[in-house]
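A structural walkthrough
In case you want the letters, here they are:
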Amino acid sequence: MDRIIIRGGRRLSGRLPISGAKNAALTLMPCALLTDEPLTLRNLPRLADVDGFGHLLNQLGASTRIEGTRPEDFGRVMTIRAGKLTSTEAPYDIVRKMRASILVLGPVLARAGEARVSLPGGCAIGNRPIDLHLKALEAIGAELEMAAGYVRAVAPGGRLTGGTYRFPVVSVGATENVVMAAVLAKGPTRIENAAREPEIVDLCRCLVAMGARIEGIGTGTLEIEGVDRLHGATYAVMPDRIEAGSYACAAAITGGDLTLTGVAADDMGATLSALTEAGVTVEAGRDSVRIAANGPLRPLTLTTAPFPGFATDMQAQFMAMLCKADGSSVLTETIFENRYMHVPELARMGADITVSGRTAVVRGVERLVGAPVMATDLRASMSLILAGLAAEGETQVSRVYHLDRGYERLEEKLSAVGADIERVGDG
Ligand SMILES: CC(=O)N[C@H]1[C@@H](OP(=O)(O)OP(=O)(O)OC[C@H]2O[C@@H](n3ccc(=O)[nH]c3=O)[C@H](O)[C@@H]2O)O[C@H](CO)[C@@H](O)[C@@H]1O
Ligand SMILES: C=C(OP(=O)(O)O)C(=O)O
């Protein structure tokens, strides 16, 4: 199994390109299941999760073709064509490796009138139930049956009716699933308390480009007028605001100066405000953001929340960064119940963090020291990389397959701006 080795203490500087967003890619790819015409996605990041999703689409009968990208390019262009679905099932073996597989439920049901998807179960960061996906689909006419670890959904008469659903709590994935299902329903759908994450906006815009009728994009109330069919389209995946935020933390923790290119600063409001509050210079350009450290970092009080709040997917990276702040920070995680697994690993590198329930108090330390550490989930892994970049000596991060789910060629991007980082295999 690969490990990443970092010799810390280098100041990062230069330009660092940001890839297409994992979380947008994973909801744009299943849109291809809604039409028999091709959907071409540009700026698709090269990630294990994207490959896994392509494999799932293949199992359902869609073809996936990578076009005209050179090995040295970041991102690639993929054309997905689901001329006919040859299966309506997402099997356990795929779903257990990639939770986002649940996002085929809505589109397969809408297209084929039925779908059978393995229940994803929990994952390292929390229980992550799918009850809201199911309730929202029921509200627009699905009939559901649970058996043997699978959910089977049927649209009576072959087509969903549409309907109204108010989410009791905001769910990104459940909003995506019901939107993808509702665009082909017989009647109108109104979704209240919908997630407003930029990835939902990206999804809606792609669906509109495919012929869907959606009002209220970017707000908490989405109104969808079902159409009889969708057509193909070409669509560019939005920049990854979480990857960008992670590298922004890398600039801050190393006292560096990075210009992140190919980003949308408007989607990064809470992250950029938090960096500014920590004393970091943030200069947003048209499609770039410069992040420059200015002396000691100031401590912060941050609470995760749905967009436009501070993203849970940035919590671990900020925690690593705040280990080097001049004072005590308080982080509160409100979205996932078990998202502090990086804390004991950071402690092995000299961090001083106390967790009590949902709240972590991070007391800044003079120095972090390199150590062998283990990645436990995607963003936890990134927090260890960040700590390693700032630590004295060598840090070895194992289980890097977590990172490969969400960071395209991380070691290449970081070495290009001055980090001493390499990937080594065990063999
Ligand atoms: C592939 C993808 O886009 N993943 C993102 C997506 O995950 P995901 O879509 O799984 O996250 P949700 O927004 O659904 O989860 C938010 C909260 O709602 C709860 N919940 C969710 C669904 C449900 O049916 N029942 C329920 O109780 C969850 O356990 C969690 O406490 O949004 C999260 C929150 O921004 C991010 O951390 C993930 O990176
Ligand atoms: C939690 C995340 O992803 P997923 O929902 O795919 O597990 C993440 O991107 O931080």
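In the annotation of an unreviewed UniProt entry, the entry for the chain reads UDP-N-acetylglucosamine 1-carboxyvinyltransferase, and the organism field reads Sphingomonas metalli. The annotation that UniProt attaches to the chain under Sequence similarities (unreviewed entry) is "Belongs to the EPSP synthase family. MurA subfamily." As its UniProt record puts it under Pathway (unreviewed entry), the chain is described as follows: "Cell wall biogenesis; peptidoglycan biosynthesis."

The next thing to look at is unusual backbone geometry. Cis geometry marks the peptide bond from Phe307 to Pro308, where omega comes out at 10 degrees. Tracing the chain through its elements places Pro308 in the loop between β18 (301-303) and α10 (315-322). Its identity is not glycine, yet Ala148 carries a phi of approximately 50 degrees, on the positive side. Residue placement: Ala148 occurs in the loop between β8 (143-147) and β9 (150-154). Despite not being glycine, Arg399 has its phi angle at roughly 60 degrees, a positive value. The exposure class assigned to Arg399 is partly exposed, which follows from its relative accessible area of 34%.

It is worth spelling out the UniProt feature "domain: Enolpyruvate transferase" (unreviewed entry) in the chain at this point. Mapped onto this numbering, the UniProt entry annotates "domain: Enolpyruvate transferase" (unreviewed entry) at residues 7-414. Between the C-alpha atoms that bound residues 7-414 the distance is 12 Å, and the span itself is 30% helix and 24% strand.

Within the structure, ligand 1 sits among 17 residues, and Leu132, Ser171, Val172, Asp313 and Ile335 are positioned closest to it. Taking Arg128, its side chain carries an N or O atom lying 2.9 Å from an oxygen atom of ligand 1. Separating a nitrogen atom of ligand 1 from a side-chain N or O atom of Asp131 is a distance of 2.7 Å. When isolated, ligand 1 has an accessible area of 730 Å², and the protein chains bury 83% of it. Elements with a contribution of two residues or more to the shell around ligand 1: α5 (131-139) and α6 (172-182). Across the shell around ligand 1, the residue classes break down as seven nonpolar, five polar and five charged.

What counts and what doesn't
Residues numbered from 1 in each chain as written. Chains lettered and ligands numbered in written order. Predicted model: local features only at pLDDT ≥ 70, side-chain atom pairs only at ≥ 80, totals over all residues. Heavy atoms only, no water. UniProt positions renumbered as here; feature names shortened; annotations may be inferred. Helix = DSSP H or I, 4+ residues; strand = E, 2+ residues; numbered from the N terminus. Buried < 20%, exposed > 50% of the residue type's maximum accessible area, 1.4 Å probe, protein only. Near = heavy atom within 4 Å. Polar contact = N/O pair within 3.5 Å; in protein donor to acceptor, adjacent residues only side chain to side chain. Areas by Shrake-Rupley, 256 points an atom, 1.4 Å probe, with all protein chains shown as cover. Nonpolar A, V, L, I, M, F, W, Y, C, P; charged D, E, K, R; others polar.

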